[in-house]
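Each chain is listed here by its residues.
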Amino acid sequence: MSSTKGSDAAEKIIRQMFAGALRSAKIFDRATGGCRLSDASEHFLTAGIFEALAKCKGVTHLEVPVSACRQEAGAVRCGKPSKRDRMQGRYDLVHYWANQRPRVAIEVKNGVKVMNTALFKGDFERLTRTMTASKDSSYQFCAFVFFATADYKQAGPIPGAKKAAREKLEALTERIDDLASEFVQSRHRPLLRRTYTSKTFYSPFPDEGAWKIGMVLFADAQAAPSFPKDLMERVG
């Protein structure tokens, strides 16, 4: 495991990731007058997290090749990598320890509207297999940040439509957490997960719907960092 000398606590990094994601979503919402969040560029939302992590000790890089990063972290398995490791792709963000070894791998997903397992399976597979590749890995935890939207129902009064949109988003985030739980339970080494979500935000225009952000964390159950308790945590 990497040295923590000169590094911030994991809790600060987690808070900054969540705050950066929420800030970028709010900036888009405010700048566009309430346009649908799913229309925002995923790179724009990722940049908000990148900017927030600049307040933490250690550097953060964008679009980091998975294979090279895992080699650098010592997160490699014996023999030929499995296709399920998805070594040919890139992490959206990687935050590094003060000794310049990878600490946190982050994937970002925008435009989440329905519980299409295919939207999350690849990222969950990559992140959980990253965490279980080696006990000597420098990765402390991995994160999946998502931006979810739901349409209002056009029929009926607005208060009822907002309630329906909120309930749809709540059901969606719960199903995402259930899927994350399935991946955690399927790994050969015990992992710990935490899921956080923001409150629901509403566009002033009914046809633009409602939105919220969420974040799922994966860590080694035997060496998990201290996770925040007040980021509107939904599931243990």
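Structure: see above.
Residues numbered from 1 in each chain as written. Predicted model: local features only at pLDDT ≥ 70, side-chain atom pairs only at ≥ 80, totals over all residues. Heavy atoms only, no water.

Engineer: Give a description of the pattern of salt bridges that names residues and reports values.
Structural biologist: Tallied over the full model, the rule gives six salt bridges. Between Asp-151 and Arg-36 there is a salt bridge, with its nearest N and O atoms 2.3 Å apart. One end of the pair, Asp-151, is in the loop between strand E4 (141-150) and helix H5 (158-186); the other, Arg-36, is in the loop between helix H1 (10-31) and helix H2 (42-53), and 115 residues separate them in sequence. Of the charged contacts, one joins Glu-170 and Arg-166 as a salt bridge, the two residues approaching to 3.9 Å between their closest N and O atoms. Taken together, the positions of Glu-170 and Arg-166, both in helix H5 and four residues apart, correspond to about one turn of that helix. On the basis of relative accessibility, which here comes to 27%, the residue Glu-170 falls in the partly exposed class. Note on Arg-166: relative accessible area 31%, which makes it partly exposed. (Salt bridge = Lys/Arg side-chain N within 4 Å of Asp/Glu carboxyl O. Helix = DSSP H or I, 4+ residues; strand = E, 2+ residues; numbered from the N terminus. Buried < 20%, exposed > 50% of the residue type's maximum accessible area, 1.4 Å probe, protein only.)

Engineer: Account for helix H3 (residues 66-73), with residues named and values stated.
Structural biologist: Residues of H3 that are buried include every one of Val-66, Cys-69, Arg-70 and Ala-73, and no others. What you see down the axis of H3 is that its buried residues fit within an arc of 95°, all on one side. Buried residues in H3 make contact with strand E1 (60-65), strand E2 (90-96), strand E3 (102-112) and helix H4 (117-132). (Arc of directions from axis to C-beta. Contact = heavy atoms within 4.5 Å.)

In short, shape yes, function no, at least from these values alone.
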